[in-house]
Protein chains: 2
Amino acid sequence: MFLQLDARGPQYLQLARALKQAILDGRCAPGSRLPATRALARELDISRNTALAAYALLSEEGLIEGRSGSGCYVAAFVAMPKRTPAAVVQTPARAPALSRRGQRMLTVYDRAIPGRQHRGLRYNLQYGLPMTNPQLAGAWRRALNQAAARVQADYPDPQGLPGLRAQICGYLARRRGISAVPDDVLVVNGTQQAFALAADVLLDAGDGMILEDPHYQGARQVFAARGAMIRTCRVDAAGLVTAELPVDGRVRLAVVTPSHQFPTGAVLSLPRRMQLLDWAQRRHAWLIEDDYDGEFRYGARPLAALKSLDRAGRVIYVGSFSKVIFPALRLGYMVLPASLREAMVAAKWLTDRGSTAIEQAALAHLIGSGAFERHLRRAAIVLRARRSALLGALQRLLGDAIEVADSSAGMHILVWLPHTSHAQAQTLVERARARGVGVYLVAPYCHKLRKRPGLLLGYADLPPADLLAAVRILADCLSQIRSG
Amino acid sequence: MFLQLDARGPQYLQLARALKQAILDGRCAPGSRLPATRALARELDISRNTALAAYALLSEEGLIEGRSGSGCYVAAFVAMPKRTPAAVVQTPARAPALSRRGQRMLTVYDRAIPGRQHRGLRYNLQYGLPMTNPQLAGAWRRALNQAAARVQADYPDPQGLPGLRAQICGYLARRRGISAVPDDVLVVNGTQQAFALAADVLLDAGDGMILEDPHYQGARQVFAARGAMIRTCRVDAAGLVTAELPVDGRVRLAVVTPSHQFPTGAVLSLPRRMQLLDWAQRRHAWLIEDDYDGEFRYGARPLAALKSLDRAGRVIYVGSFSKVIFPALRLGYMVLPASLREAMVAAKWLTDRGSTAIEQAALAHLIGSGAFERHLRRAAIVLRARRSALLGALQRLLGDAIEVADSSAGMHILVWLPHTSHAQAQTLVERARARGVGVYLVAPYCHKLRKRPGLLLGYADLPPADLLAAVRILADCLSQIRSG
């Protein structure tokens, strides 16, 4: 009898697993006699006690039956699955095995996770990697350690730790002009879960919704997976062109980035903010305000959030700590209109019972101690210097080859390449990657392909010297492409 | 002008928020003149600089316009929402604002979270509260602290930390007889998320599925919220009555608890396991094996998981650490058939991008160091003593009034009350609660109401003396009710 032991865990368990597999595969037929333990031990070069223990285990599980004096036999009933014709035993093809939603999820996933292959680059200008701050990391570790000692063993509040929700309210009042009470806040596992919960609670398959064009593709993917009929609305230098918002059809919600449009960086003007709120009110539509890095703005003071203007309770405000602390911290929050609070909490509770309590407690401490906002102030200074360095290098080394779309966004710059074709831009990205520089096309974020290609350049985690070196390589690649 | 400051954050921000609210409410009409800063400061008893700073902020936001020498005026365009008739401004009634799924979520939520009101009881025999173990808590804190220092700042792998997945495979091989490789494992935020992801990927609204009766209500709620057509299948002393599994209609999946049925504690016999696998294969149905506390069994050695018998790739195995470490740790895992792996990972990625990396790393360390399995061995001894104490007290003090349904489950005992009506049982629960004892009816877990009421008695976190005291009070309440 051929038995393959898998070298995991105690030897008698390895042998029991291998025997079980042989029995279930039919290699040991139902009712057939198993080798004597002494013979098996010799064959496999193991101790007889090991073989005896494995047989005892299989016997306890009922797979084999020992008959005193005449050895062990495979139990008769394990033959049952054999009655199934071989054709049916095949794992069914993927598609029919999944729900329609499951199939949609698989479809959007196949085109997803950009930049994952870019790990290990020398200079990765990927959007979404926040500034590393060792002081913050230290404060975080201390807060986490304290929290681990204090947190109750009980199930967490699905809406989020009350102490964290209170700290979030204080922070939003101080920094984003939002008046909220802890009961308005739902703690979630990052922006992505906020979108997913909103999609569950607000959208049926086939319902219409609005995305800005261009937009954050993570939003499109989750809503597309829910079967939303996505329409897009144009963006110009003053943000979403609210005059073009649809007034026909059933539109349940719009996802907007008023603080600075993602990825163009445009700030939605105040008149348009009022128009947007008015539209939502008239159409009974919800507005999901993704304030993705509303903290960081250069030049003017950050505008207050759209939520702060919302008198009719149409705005769902979404904030995240992943992009300002570190991405592995999967915590964010929603500020909800009163009419949606209970349903959203229900959705969160049904989805995962609540976010991790220890990290919530640590975050509450980090905000309450002032360490979080100290980091924000420090980060704003550092990011401003990095942004200047990147802008300076781009202008000096790429000059007329680029057009900077924006200069006020927090962690990235979008540049258009007016004299470059889409194919050339693709080559540029590939050549730069080959030389250790990660830059990213804006095309995946666009619904309609723009005439000109664009590049998204994240600068948050690279010091000025690295940004300069990266732009040098980029310029070199571009001049080769344009002359070649 | 009446302005209410909210005492949160710097005073100038409080004033700016209050003024903004007055403007948006229409109390300060568009185009109207605001009070002079000096007059306002006097009225509110604040410094003039505070008033100036608030006006400057509102001016930057475009809500007010300063005219040199003639004071500040409310911007004209903020009037726009006023054009909407008052009737439309009302927040719409709840139901139409939500998706069908959102409405279903709200419906199941309203009946949910049993036991939440029982917090603060002297003796809470609630199922699901695991044994407190200070040694484990210490090991966990150390592991967490180390993990926080090591974890990468990057976005986590949505499938779960490879190191944790490898540790889970080793653990499953040693303790549950399952041969899995790390790529089969998906790390999730507890059992609840495993159900939610499976519902997303496998079920469309209207699809049929099977639950055992009785069953864990958290499973019913999440599938019901997804619009599943739930059918139930009877349970007897040998577990799920597989002969009664439906052979008609489109049944996509069954949720089963073979290790010990929840809440009756029955162990699914091996012939029935084979029948169940055969049924799933023939019907192209998925089996979700909820191995909710498969670790703990008294008497015989724990049976290997159903998953270990699954040759056709129909079983989705679900395990959780919340019930064996502490509930606030929201980590669990699924062992997936190869044909479902990609879709489930996509669903997890779309839902929240992946579970918290630091706690995953800490858990990997806890398993790898052996501390987790030391805890399991220790807990098994402690739980056995507690179970004996509870069984002994029940038999001594309640005697013929009860019938113990099971004596091998890990963290709770189910007792039937053969001589008690459902109404009396309800009174029993209330009176016991009034005297500080939390006990729980089995009815919410049942699809069909049983003739006799039953009580679910969780014993994991109560020492023998407390269990005895609780049973004494329970017996006292019951005798009052039966004599009254």
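Residues numbered from 1 in each chain as written. Chains lettered and ligands numbered in written order. Predicted model: local features only at pLDDT ≥ 70, side-chain atom pairs only at ≥ 80, totals over all residues. Heavy atoms only, no water.

Another aspect to go through is the overall build of chain A. Broken down by element type, chain A carries 16 helices and 16 strands. Scaling as 2.2 N^0.38, a compact globule of 484 residues should have a C-alpha radius of gyration of about 23 Å, whereas chain A reaches 29 Å, well beyond that. Taken along the three principal axes of its C-alpha coordinates, chain A extends 90 × 60 × 50 Å. In chain A, which comprises 484 residues, the proportion classed as buried is 60%. (Helix = DSSP H or I, 4+ residues; strand = E, 2+ residues; numbered from the N terminus. Rg over C-alpha atoms; globule rule 2.2 N^0.38 Å. Buried < 20%, exposed > 50% of the residue type's maximum accessible area, 1.4 Å probe, protein only.)

Counting 174 residues, the largest nonpolar core has Leu125 and Leu455 of chain A together with Leu125 and Leu455 of chain B as its most contacted members. Membership of the second largest hydrophobic core comes to 80 residues, among which are Phe223 and Leu253 of chain A together with Val188 and Val201 of chain B. (Core = buried A, V, L, I, M, F, W, Y, C linked by side-chain atoms within 4.5 Å.)

So, on to the relation of the copies chain A and chain B. After a rotation of 180° and a shift along the axis of 0.0 Å, chain A superposes on chain B with an RMSD of 0.1 Å. Interpreted geometrically, this transformation is the action of a two-fold axis. Considering only C-alpha atoms, the part of chain A nearest the rotation axis is asparagine 145 of chain A, at 3.1 Å. Looking at the interface residues of chain A, 100% of them are also at the interface in chain B, so both copies use one shared face. (Least-squares fit on C-alpha atoms with pLDDT ≥ 70 in both. Contact = heavy atoms within 4.5 Å.)

At the interface, 121 residues of chain A touch 121 residues of chain B. Carbon and sulfur atoms make up 57% of the area that chain A and chain B hide from each other, which totals about 10,700 Å². Joining chain A to chain B, the criterion identifies 4 salt bridges. Note that arginine 101 of chain B and aspartate 200 of chain A form a salt bridge whose closest N and O atoms lie 3.0 Å from each other. The tally of links from chain A across to chain B stands at 26 residue pairs in polar contact (both at pLDDT 80 or more). Looking at the side of chain A that touches chain B, the element that brings in the most residues is helix α12 (residues 338-352) of chain A, giving 11 residues. Split by residue class, the side of chain A that touches chain B holds 63 nonpolar, 26 polar and 32 charged. (Buried area = accessible area lost by both parts, 1.4 Å probe. Salt bridge = Lys/Arg side-chain N within 4 Å of Asp/Glu carboxyl O. Polar contact = N/O pair within 3.5 Å; in protein donor to acceptor, adjacent residues only side chain to side chain. Nonpolar A, V, L, I, M, F, W, Y, C, P; charged D, E, K, R; others polar.)

Along the chain, phenylalanine 262 of chain A connects to proline 263 of chain A via a cis peptide bond; the corresponding omega equals 0°. Look at histidine 284 of chain A: it is not a glycine, yet its phi comes out positive at around 55°. On the secondary structure map, histidine 284 of chain A appears in the loop between α11 (270-283) and β9 (286-290). A residue is classified by how much of its surface remains accessible, and histidine 284 of chain A, at 39% relative accessible area, is partly exposed. Positive phi is not limited to glycine here, since aspartate 45 of chain B has a value of about 60°. Along the chain, aspartate 45 of chain B falls in the loop between α2 (37-44) and α3 (48-60). Aspartate 45 of chain B gets classed as exposed once you look at its relative accessible area, which sits at 69%.

A few words on the packing of helix α9 (residues 190-202) of chain A against helix α12 (residues 338-352) of chain B. Interhelical geometry of α9 of chain A versus α12 of chain B gives an angle of 100° and a closest axis separation of 5 Å. By the angle between their directions, the pair α9 of chain A and α12 of chain B is classed as roughly perpendicular. For the pair α9 of chain A and α12 of chain B, the contacting residues are Gln192, Gln193 and Ala196 of chain A in the first and Trp349, Leu350, Thr351 and Asp352 of chain B in the second. Across the contact of α9 of chain A with α12 of chain B, the residue classes tally to 3 nonpolar, 3 polar and 1 charged. (Axes fitted to C-alpha atoms, helices over the stretch in contact; angles between N-to-C directions. Parallel < 35°, antiparallel > 145°, perpendicular 65-115°, else oblique.)

Another aspect to go through is helix α14 (residues 371-397) of chain B. For α14 of chain B, which comprises 27 residues, the first-to-last C-alpha distance of 38 Å matches the rise-based estimate of 39 Å (1.5 Å per residue) to within 8%. Looking at the residues trailing α14 of chain B, positive phi occurs at glycine 399 of chain B, about 45°. (Expected span 1.5 Å × (residues − 1).)

Let us look at the packing of aromatic side chains. Summed over the entire model, instances satisfying the criterion amount to 22 aromatic pairs over all chains. Each ring, one from phenylalanine 262 of chain A and one from tyrosine 445 of chain A, has its centre 5.5 Å from the other, and the planes form 75°; the classification is edge-to-face. Placement of the pair is phenylalanine 262 of chain A in the loop between β8 (251-256) and α11 and tyrosine 445 of chain A in the loop between β15 (440-441) and β16 (454-458), with a sequence separation of 183 residues. A residue is classified by how much of its surface remains accessible, and tyrosine 445 of chain A, at 11% relative accessible area, is buried. Ring plane angle 70° and centroid distance 6.2 Å describe the contact between tyrosine 127 of chain B and tyrosine 292 of chain B, whose orientation is recorded as edge-to-face. Here tyrosine 127 of chain B is found in the loop between β3 (123-124) and α7 (134-150), whereas its partner tyrosine 292 of chain B is found in the loop between β9 (286-290) and β10 (315-320), with 165 residues between them in sequence. Owing to a relative accessible area of 9%, tyrosine 292 of chain B belongs among the buried residues under this scheme. Each residue in the set Tyr127, Phe195, Tyr216, Phe223, Phe262, Tyr292 and Tyr445 of chain A is aromatic and connected to the rest through ring pairs, giving one cluster. For arginine 314 of chain B, the ring lying beneath its charged end belongs to tryptophan 286 of chain B, and the centroid distance is 3.9 Å. (Phe/Tyr/Trp six-rings, centres within 6.5 Å; stacked < 30°, edge-to-face > 60°. Lys NZ or Arg CZ within 6 Å of the ring centre and 35° of its normal.)

Here we come to the sheet that holds strand β13 (residues 412-416) of chain B. Residue and element names in this part refer to chain B. Strand order in this open sheet of 4 strands is β12-β13-β16-β15, and the pairing throughout is antiparallel. Looking at strand neighbours, the two that pair on one side only are β12 (403-404) and β15 (440-441), the edges of this open sheet. Relative to β13, β12 runs antiparallel, the two sharing 2 bridges. Looking at β13, one finds that valine 404 is bridged to valine 415. Relative to the sheet, α14 contacts β12, β13 and β16 (454-458), its axis offset from that of β13 by approximately 20°. (Pairing = 2+ DSSP bridges.)

Further remarks concern the sheet that holds strand β11 (residues 332-335) of chain B. All names here are of chain B. Ordered by their spatial adjacency, 8 strands build an open sheet running β4-β11-β10-β9-β8-β5-β6-β7, and the pairing between neighbours is mixed. In this open sheet, the two edge strands, each paired with only one partner strand, are β4 (185-188) and β7 (239-240). When β4 meets β11, the two strands line up antiparallel, connected through 4 bridges. Of the residues in β11, the one forming a bridge with valine 185 is valine 335. Sheet strands in contact with α12 are β4, β9, β10 and β11, and its direction is about 20° off that of β4.

Our next topic: the pairing of β8 of chain A. Residue and element names in this part refer to chain A. With 6 of 6 residues buried, β8 is to be regarded as a mostly interior element. Examined bridge by bridge, strand β5 (residues 208-213) and β8 share 4 bridges and lie parallel to one another. Looking at β8, one finds that glycine 208 is bridged to valine 251. Note that β8 and β9 share 4 bridges and pair parallel. Paired with valine 255 across the two strands is isoleucine 288, which belongs to β9.

Next up on the list: the confidence of the model for chain A. All names here are of chain A. On average, chain A scores 86 in pLDDT, and the residues at 70 or more come to 91%. Mean pLDDT values over the elements of chain A span from 40, in helix α4 (residues 86-89), up to 98, in strand β4 (residues 185-188). In the predicted structure, residues 81-95 sits below a pLDDT of 50 and forms 23 contacts with residues beyond four places in sequence or in another chain. At the level of chain-chain contacts, confidence expressed as ipTM amounts to 0.85, with global pTM at 0.86. (pLDDT = per-residue confidence, 0-100.)

Inspection of the secondary structure puts aspartate 184 of chain B in the loop between α8 (162-176) and β4. Setting aside residues up to four positions removed in sequence, aspartate 184 of chain B forms contacts with Met334, Val335, Leu336 and Arg341 of chain B.

Below, the discussion takes up α9 of chain A. Given a rise of 1.5 Å per residue, 13 residues ought to cover 18 Å, and the 18 Å separating the end C-alpha atoms of α9 of chain A matches this to within 8%. Counted residue by residue, α9 of chain A has 13 buried out of 13 residues, so it is predominantly covered.

Bringing the pairing of β10 of chain B into the picture now. Residues and elements named next belong to chain B. Most of β10 sits out of view: 6 of its 6 residues are buried. Burial along β10 is two-sided: the residues Val315, Tyr317 and Gly319 and Ile316, Val318 and Ser320 are all buried. In the sheet, β10 pairs with β11 via 4 bridges, with the strands oriented antiparallel. Looking at the pairing, valine 318 lines up with methionine 334 of β11.

What follows deals with the side chain of asparagine 133 of chain A. Residue and element names in this part refer to chain A. As for its placement among the helices and strands, asparagine 133 is situated in the loop between β3 (123-124) and α7 (134-150). With a relative accessible area of 5%, asparagine 133 lands in the buried category. Here glutamine 135 takes part through its backbone nitrogen, which lies 2.9 Å from a polar atom of the side chain of asparagine 133. Residues within four places of asparagine 133 in sequence aside, it is in contact with His375 and Arg378.

Residue and element names in this part refer to chain A. Along the chain, arginine 472 turns up in helix α16 (residues 464-483). For arginine 472, a relative accessible area of 47% translates into the label partly exposed. Separated by 74 residues in sequence, arginine 472 and leucine 398 have C-alpha atoms that sit 8.7 Å apart.

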